[in-house]
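Here are the chains, one letter per residue:
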Amino acid sequence: MNLVVVEDSPAMLRLLLAMLARVQGLHVVGTAGSEREAIALIARTRPDVVLLDLFLTPGHGLEVLRAIRAAGHTCQALVLTSETVHHEYRRVGERLGVVSFHDKGDGLRRLMHDLERAVAAA
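Each value, and the rule that gives it
Residues numbered from 1 in each chain as written. Predicted model: local features only at pLDDT ≥ 70, side-chain atom pairs only at ≥ 80, totals over all residues. Heavy atoms only, no water. Axes fitted to C-alpha atoms, helices over the stretch in contact; angles between N-to-C directions. Helix = DSSP H or I, 4+ residues; strand = E, 2+ residues; numbered from the N terminus. Parallel < 35°, antiparallel > 145°, perpendicular 65-115°, else oblique. Left-handed = near helix turned anticlockwise from the far one by under 90°. Contact = heavy atoms within 4.5 Å. Nonpolar A, V, L, I, M, F, W, Y, C, P; charged D, E, K, R; others polar. Buried < 20%, exposed > 50% of the residue type's maximum accessible area, 1.4 Å probe, protein only. Salt bridge = Lys/Arg side-chain N within 4 Å of Asp/Glu carboxyl O. Phe/Tyr/Trp six-rings, centres within 6.5 Å; stacked < 30°, edge-to-face > 60°. Lys NZ or Arg CZ within 6 Å of the ring centre and 35° of its normal. Pairing = 2+ DSSP bridges. Right-handed = clockwise from strand over helix to strand, strands pointing away.

Section: the packing of helix α2 (residues 35–45) against helix α3 (residues 61–70)
So, step 1. With their axes 9 Å apart at the nearest point, α2 and α3 run at an angle of 30° to one another. Relative to α3, α2 is oriented roughly parallel. Helix-helix and strand crossings are classified by hand; for α2 and α3 the assignment is right-handed. Of the residues in α3, those touching α2 at E35, A38, I39 and I42 are E63, V64, A67 and I68.
So, step 2. Taken together, the residues that form the contact of α2 with α3 break down as six nonpolar, no polar and two charged.

Section: the environment of E94
So, step 1. Within the secondary structure, E94 is located in helix α4 (residues 87–95).
So, step 2. Look at E94 and you get exposed, because its relative accessible area is 53%.

Brief notes about the pattern of salt bridges
A side chain with one charge can pair with a side chain of the opposite charge if their charged atoms come near.
So, step 1. Under the criterion given, the structure shown has five salt bridges.
So, step 2. A salt bridge links K104 to E7; the nearest nitrogen and oxygen atoms lie 3.0 Å apart. Taken together, the residues K104 in the loop between β5 (98–103) and α5 (108–121) and E7 in the loop between β1 (2–6) and α1 (10–20) connect sequence positions 97 residues apart.
So, step 3. Judged by its relative accessible area of 12%, K104 falls in the buried class.
So, step 4. Between R110 and D114 there is a salt bridge, and its shortest N-O distance comes to 3.8 Å. Here D114 and R110 lie together in helix α5, a separation of four residues that amounts to about one turn.
So, step 5. Residue R110 is classed as partly exposed on the basis of its relative accessible area, which comes to 42%.
So, step 6. Take D114: its relative accessible area is 13%, and that puts it in the buried class.
So, step 7. The network of salt bridges with common partners includes E7, D53 and K104.

Comments concerning the packing of aromatic side chains
So, step 1. Going through the model one piece at a time under the given rule, you end up with one aromatic pair.
So, step 2. With a centroid separation of 5.5 Å and an interplanar angle of 75°, the aromatic rings of F55 and Y89 are classed as edge-to-face. Here the residue F55 occupies a position in the loop between β3 (49–53) and α3, and Y89 occupies one in helix α4, the gap between them amounting to 34 residues.
So, step 3. Taking relative accessible area as the criterion, F55 reaches 27% and is therefore assigned partly exposed.
So, step 4. One cation-aromatic arrangement involves R90 over F101; the distance from NZ or CZ to the ring centre is 4.8 Å.

Here's the deal with the pairing of β1
So, step 1. Among the five residues of β1, four are classified as buried, and the element is accordingly described as predominantly covered.
So, step 2. Pairing analysis gives five bridges linking β1 to strand β2 (residues 27–32), with the strands arranged parallel. Among the inter-strand pairings, L3 is bridged to a residue of β2, identified as V28.
So, step 3. Taking the sense of rotation as the criterion, the β-α-β connection linking β1, α1 and β2 turns out right-handed.

A word on the sheet that holds β5
Backbone-to-backbone hydrogen bonds pair the strands of a sheet. The strands run either parallel or antiparallel.
So, step 1. Ordered by their spatial adjacency, five strands build an open sheet running β2-β1-β3-β4-β5, and the pairing between neighbours is parallel. Strands with a single pairing partner mark the edges of an open sheet, and in this sheet they are β2 and β5. When strand polarity is set aside, the average angle formed by the axes of neighbouring strands in this sheet is 20°.
So, step 2. Note: strand β4 (residues 76–81) against β5, five bridges, orientation parallel. The residue of β5 that forms the bridge with A77 is V98.
So, step 3. Those strands touched by α1 are β1, β2, β3 and β4, and its axis lies near 165° from that of β1.
So, step 4. Against the sheet, α5 contacts β1, β3, β4 and β5, and its axis sits at roughly 150° relative to β5.

Spatial relationships are all this shows, so hold off on functional conclusions.
Have a look at this one:
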């Protein structure tokens, strides 16, 4: 299963890549740190899954999802954030096909479990 990671924090990106490397059958096909970079990367690589930071500098993860959905990309989207996710973001995310929201602090274990389950089901 091919995955793109969209994360603007270099430290968090390193941590995520180390954790993702341990998930058998999961292949990180690229990383992006901004909204524009993410949209271009997803269009080019057409991953099965996008792991997406909600608040990017510059940009916003939901804008990435809007753009890729408008372009016809149907990849799964998992959102990762260190901020409290407001109800409006959740509603918009769900309309755009977000599978799950994960906290960068205490949600990484659940994120890895969800990815392992997705790979097993593929």
